[in-house]
Amino acid sequence: MKLQDIEEEYRKRFSVETLPYMKCRKCSHVFYYPRNVCPKCLSENLEVSESSGIGRVYSITKIARKDMEPVNYAIIEMDEGFRLYSVIVGCNDPRIGMKVKLKMQEVNGSKFPFFEQQI
Amino acid sequence: MIAGFASRIYKKYDGNSLELLAGTVNEALEMAKIEPQMVDGLITTFLPGVFDGNIYMHFFTNQLRQYLGLRAKHIDLLDFGGASALAMIYRAEKSIAGGEASTVLCIIGGKASPVRARGITVDSIDRAYDSVSITPFDWLFRVYNDLNPVTDYALVAARHKSLYGTSDETRAKIAVQQRYNARNNNRAIFRNSLSVEDVLASPVISDPLHLLEIVYPVDGFHVFVVTSRQTQLRDIEIKAYGEAHWAEMPPELPEITVTPASESSKIAGFELSKVDAFELYDSFTITVMLQLEDIGLAQKGKAASFIEGHDLRYHGDVPINTGGGSLNVGQPAYMSGGVILEEALLQLNEMAGGHQVDKPKNVLLNGIGGWNRSHSVTLVLGEKN
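What counts and how
- Residues numbered from 1 in each chain as written.
- Chains lettered and ligands numbered in written order.
- Predicted model: local features only at pLDDT ≥ 70, side-chain atom pairs only at ≥ 80, totals over all residues.
- Heavy atoms only, no water.
- 1 Å grid on protein atoms, 1.4 Å probe; cavity = no way out; pocket = protein on both sides within 12 Å on 5 of 7 lines; lining within 4 Å.
- Points joined across faces, edges and corners; volume = space filled by probe spheres on them.
- Helix = DSSP H or I, 4+ residues; strand = E, 2+ residues; numbered from the N terminus.
- Nonpolar A, V, L, I, M, F, W, Y, C, P; charged D, E, K, R; others polar.
- Contact = heavy atoms within 4.5 Å.
- Buried area = accessible area lost by both parts, 1.4 Å probe.
- Salt bridge = Lys/Arg side-chain N within 4 Å of Asp/Glu carboxyl O.
- Phe/Tyr/Trp six-rings, centres within 6.5 Å; stacked < 30°, edge-to-face > 60°.
- Buried < 20%, exposed > 50% of the residue type's maximum accessible area, 1.4 Å probe, protein only.
- Pairing = 2+ DSSP bridges.
- Axes fitted to C-alpha atoms, helices over the stretch in contact; angles between N-to-C directions.
- Expected span 1.5 Å × (residues − 1).
- Parallel < 35°, antiparallel > 145°, perpendicular 65-115°, else oblique.
- Core = buried A, V, L, I, M, F, W, Y, C linked by side-chain atoms within 4.5 Å.

### Remarks on empty space enclosed by the protein
All names here are of chain B.
Logical step 1: Here the structure, examined in full by the defined rule, presents 2 cavities of 30 Å³ or more.
Logical step 2: Considering the residues around the largest cavity, the lining is formed by 14 residues, among which Asn185, Gly323, Val329, Val339 and Glu343 are closest to the centre.
Logical step 3: Counting residues per element, the lining of the largest cavity draws most heavily on helix α13 (residues 337-348), which supplies 5 residues.
Logical step 4: For the lining of the largest cavity, the class distribution of residues is 4 nonpolar, 6 polar and 4 charged.
Logical step 5: As for the second largest cavity, its lining consists of Trp246, Glu248, Leu253, Val258, Thr259, Pro260, Asn372, Arg373 and Ser374.
Logical step 6: Along the lines of polarity and charge, the residues of the lining of the second largest cavity split into 4 nonpolar, 3 polar and 2 charged.

So, in structure tokens, the structure goes:
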């Protein structure tokens, strides 16, 4: 797949409120940040998969902002075994280990992955 | 070996970067007692925004040499942030040993004030300028209003607390002991006494990191003259060296609390009991703490008990950042490498009046580079046998 096709596929998946990720068919490595080659084995034999959207907080920091709500910036570890940066919304005090689920939010007219607490 | 060194550091330098550099070069060559015409090598690094606000300088090393009138037989442009300073010394020595050059200037610095004035950091410079990328995935990475590099280091500090029970007080103790070391360092801009309470009372910038755990970016240059010629300084050599450059975006790392210092220090392989002072990259207190573990002073996760059980002040049993580090000297152009390297040379040459370690033979330096800590350089300097 060409990189721009992968990125276009990501945007399509975001628009229907799902979380895509990459799977290498050669070595089974899973990753989120899109490349047209596997970052472990450099194979171009990749597929775009769909995550369940369920994960846990791997780490979290509350960023203080001038005259704005603080931002809960995090690394989320998804059940499928890959991690990504995101922001947790609708939760005052998210903790490491907390279960979260995908909650897409619009940024500058397009939907991007955010997360909320999974009760 | 290193025949001369100099630094000129200001909170805000009122003048051109090249002018500030020229003055620092002159000072370093004066100490080395070497005429400018004898310089035949240049190794340096560039970060966007720190040369009078220029985002990019085409043929950068050529521009420096045009301004200074320097021809060269060996040039290197390194790009791993502050850790580059340590690698510059190694590359310079190798070039000289290989007969390519005989006197190499190693230069690191610039002006942080124009970047600071725009309310950004050098690792967030893409927020102020179009067509600057920070990762190959910016369209996904930059959506979330992070504050790099503070937020990424904060994520590591938070995880370290969660995994190992490390307290905020432990990190604050690093800041307190470094400030103690800075009190008698006339290069330091922060010299008032500091307590753990002071550190933890300072505003939280990105939880759990407080303002007084974070370096203050300033304007300045460090210049080091590495030469095959006779030196008036102590005859110092590189005792051990290691470099490690990792590939992953931080979420892709096996564990974010481990840095490439774990690998670069193993490659260097120097016996820690023979080290008289440690100069460890200190962009944040957490940076020092991670290196302390990763170079092997403490097991991973055990920095807290190490810090409880040892005295990190310059006259203590494990001197760390003996001049106060860049946390107290300031971080020229967002790079701490020149600060820790200069301190190592001051110590080894018994020029560290007021914060002098008693007769040091070996100093271990470790530099971490990149907003995502992907670079580490371990350098041990000591007296030639």
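### Digging into the interface of chain A and chain B
Logical step 1: Taken residue by residue, the interface counts 31 residues in chain A and 29 residues in chain B.
Logical step 2: The largest contributions to the chain A side of the interface with chain B come from Tyr33, Tyr58 and Tyr85 of chain A, which together make up 24% of the buried area.
Logical step 3: Across the contact surface, chain A and chain B share 1 salt bridge.
Logical step 4: Between arginine 35 of chain A and glutamate 252 of chain B there is a salt bridge, and its shortest N-O distance comes to 2.6 Å.

### Some remarks on the packing of aromatic side chains
Logical step 1: Overall, the coordinates contain 21 aromatic pairs over all chains when judged by the stated rule.
Logical step 2: The interplanar angle of 20° and the centroid separation of 4.7 Å between the aromatic rings of tyrosine 21 of chain A and phenylalanine 82 of chain A together place this pair among those described as stacked. One end of the pair, tyrosine 21 of chain A, is in strand β1 (residues 20-24); the other, phenylalanine 82 of chain A, is in the loop between β5 (71-78) and β6 (83-88), with 61 residues separating them in the sequence. Take tyrosine 21 of chain A and phenylalanine 82 of chain A: they sit in the same class, and that class is buried.
Logical step 3: For the pair phenylalanine 190 of chain B and tyrosine 216 of chain B, a centre-to-centre distance of 6.3 Å together with 75° between the ring planes defines the contact as edge-to-face.

### Thoughts on the sheet that holds strand β2 (residues 30-31) of chain A
Residue and element names in this part refer to chain A.
Logical step 1: The strand order across the open sheet built from 3 strands is β2-β1-β3, with neighbouring strands paired in antiparallel fashion. The open sheet has two edge strands, β2 and β3 (46-50), and neither has a second partner.
Logical step 2: Of the strand pairs in this sheet, β1 and β3 are connected by 5 bridges, and their pairing is antiparallel. Bridge assignment links lysine 23 to a residue of β3, and that residue is glutamate 47.

### Details of the sheet that holds strand β8 (residues 236-245) of chain B
All names here are of chain B.
Logical step 1: Here 4 strands make up an open sheet; going across it, the order is β8-β12-β11-β9 and the pairing mixed. Edge positions in the sheet fall to β8 and β9 (277-280), since each of these pairs with one other strand and no more. With strand direction ignored, the average angle separating the axes of adjacent strands in the sheet is 15°.
Logical step 2: The pairing of β9 with strand β11 (residues 362-369) spans 4 bridges and is classified as parallel. By the bridge assignment for β11, glutamate 279 is matched with leucine 365.
Logical step 3: Running over the sheet, helix α9 (residues 261-268) touches β8, β11 and β12 (375-383) and is turned about 140° from β8.

### Overview of helix α6 (residues 150-164) of chain B
Count 3.6 residues to each turn of an α-helix, and residues three or four apart come out pointing the same way.
Logical step 1: Across its 15 residues, α6 of chain B extends 21 Å between first and last C-alpha, which sits within 8% of the 21 Å expected from 1.5 Å per residue.
Logical step 2: For α6 of chain B, the set of buried residues is Val150, Thr151, Asp152, Tyr153, Ala154, Leu155, Val156, Ala157, Ala158, Arg159 and His160 of chain B.

### Thoughts on the packing of helix α7 (residues 168-182) of chain B against helix α10 (residues 285-294) of chain B
Residue and element names in this part refer to chain B.
Logical step 1: Closest axis-to-axis distance for the α7/α10 pair is 9 Å, and the angle between their directions is 100°. As far as their axial angle goes, α10 and α7 are roughly perpendicular. Counted together, Thr170, Arg171, Ile174, Ala175 and Gln178 of α7 and Thr285, Ile286, Val288 and Met289 of α10 form the full contact between these two elements.
Logical step 2: For the contact of α7 with α10, the class distribution of residues is 5 nonpolar, 3 polar and 1 charged.

### Quick word on the nonpolar core
Logical step 1: Of all hydrophobic cores here, the largest spans 157 residues; its most connected members are Ile88 of chain A together with Leu105 and Phe278 of chain B.
Logical step 2: In contact with isoleucine 88 of chain A, not counting residues within four places along its chain, are Val57, Ile60, Asn72, Ala74, Ile76, Pro94, Met98, Val100 and Phe115 of chain A.
Logical step 3: Ala172, Ala175, Val176 and Val196 of chain B belong to the second-largest nonpolar core, a separate cluster that totals 6 residues.

It is worth stressing that arrangement in space is one thing and function is another; only the former is reported here.
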